[in-house]
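Examining the three-dimensional arrangement
One letter stands for each residue in the lines below.
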Amino acid sequence: EAGVAQSPRYKIIEKRQSVAFWCNPISGHATLYWYQQILGQGPKLLIQFQNNGVVDDSQLPKDRFSAERLKGVDSTLKIQPAKLEDSAVYLCASSSRLGGEANEQFFGPGTRLTVL
Amino acid sequence: DQQVKQNSPSLSVQEGRISILNCDYTNSMFDYFLWYKKYPAEGPTFLISISSIKDKNEDGRFTVFLNKSAKHLSLHIVPSQPGDSAVYFCAAMYSGGGADGLTFGKGTHLIIQP
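The present account deals with the structure reproduced in this document. As the structure is a computational prediction, the values presented were derived from the model and not from experiment.

Turning to the environment of A:Gly72, a few remarks are in order. Residue and element names in this part refer to chain A. Mapped onto the elements of the fold, Gly72 is located in the loop between β7 (65–68) and β8 (75–79). Remark: the alpha-carbon pair of Gly72 and Leu116, spanning 44 residues in sequence, is separated by 33 Å. Contacts of Gly72, omitting those with residues within four sequence positions, involve Asn51 and Asn52.

Put into structure tokens, the structure is as follows:
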């Protein structure tokens, strides 16, 4: 079974530029998550999708971050414009169900973003 | 305000001995707790979980203990092996609201000494 795929693996941009990250979850997984992991911190949830609907985006800085999952499969996360403090690893995760007992979230390798 | 805390940034243990990683939480709404392991340049991988209605869950060399009254959990690895060297994240979730995103601690870097 293929894991969660993310691209690009690394990205360096100047502040005020735009950037987009792509995620392809494990086949059949209806729930998709984007997390931000700043150096020295644990991952922080940005947004959660169930199929193509948003379940939770309470921690997404909506003035500059946006995410979509139009066909309920792969997803893109965009930052526009980027700030220095957006430098982090962006992790995508997927799981097979929503809610109920704790279900395992499978993480991709992440995209490391550096904003100069 | 950190709701999940791992107060030891690093821990060094001899191969073959027991590794004990600790985690505290503040939000009493959390009803599931999970441990993830992370190697450099890889995403976190799930290790073990425990429901708040239990006080212990065991899976091979890994055991998680939950003390709900103290809002404390710990992960025991026995015996510790070189491949266990990684960063371990404690995570918590509330399953009752539909959204089930995880709240993570900052992680503990476990180093297994030969």
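Attention shifts here to unusual backbone geometry. A cis amide bond, omega -5°, links A:Gln80 with the succeeding residue A:Pro81. Relative to the helices and strands, A:Pro81 is located in the loop between β8 and β9 (88–95). B:Val78 connects to B:Pro79 through a cis peptide bond whose omega is -10°. The topology assignment puts B:Pro79 in the loop between β8 (72–77) and β9 (86–93). In this structure, A:Asn51 takes a positive phi of about 55° despite not being glycine. Judged by relative accessible area, which is 38%, A:Asn51 ranks as partly exposed. In this structure, B:Lys71 takes a positive phi of about 55° despite not being glycine. Secondary-structure assignment places B:Lys71 in the loop between β7 (62–67) and β8. Assessed through its relative accessible area of 26%, B:Lys71 is described here as partly exposed.

Residue and element names in this part refer to chain B. One finds Phe33, Trp35, Leu73, Leu75 and Tyr88 to be the most contacted residues of the largest nonpolar core, which totals 23 residues. Residue assignment for this core shows that the elements contributing at least two residues are β3 (19–25), β4 (32–38), β5 (45–51), β7, β8, β9 and β11 (108–113). A total of four residues in this core trace back to one element, the largest contributor, which is β9.

What follows covers the interface of chain A and chain B. At the junction of the two partners, chain A supplies 25 residues and chain B supplies 20 residues. Joining chain A to chain B, the criterion identifies zero salt bridges. Between the two partners, chain A and chain B, sit seven residue pairs in polar contact (both at pLDDT 80 or more). Mapped by element, the contributors of at least two residues to the side of chain A that touches chain B are β4 (31–37), β5 (44–50) and β6 (53–56) of chain A. Split into classes, the residues belonging to the side of chain A that touches chain B amount to 10 nonpolar, 10 polar and five charged.

What counts and how
- Residues numbered from 1 in each chain as written.
- Chains lettered and ligands numbered in written order.
- Predicted model: local features only at pLDDT ≥ 70, side-chain atom pairs only at ≥ 80, totals over all residues.
- Heavy atoms only, no water.
- Helix = DSSP H or I, 4+ residues; strand = E, 2+ residues; numbered from the N terminus.
- Contact = heavy atoms within 4.5 Å.
- Buried < 20%, exposed > 50% of the residue type's maximum accessible area, 1.4 Å probe, protein only.
- Core = buried A, V, L, I, M, F, W, Y, C linked by side-chain atoms within 4.5 Å.
- Salt bridge = Lys/Arg side-chain N within 4 Å of Asp/Glu carboxyl O.
- Polar contact = N/O pair within 3.5 Å; in protein donor to acceptor, adjacent residues only side chain to side chain.
- Nonpolar A, V, L, I, M, F, W, Y, C, P; charged D, E, K, R; others polar.

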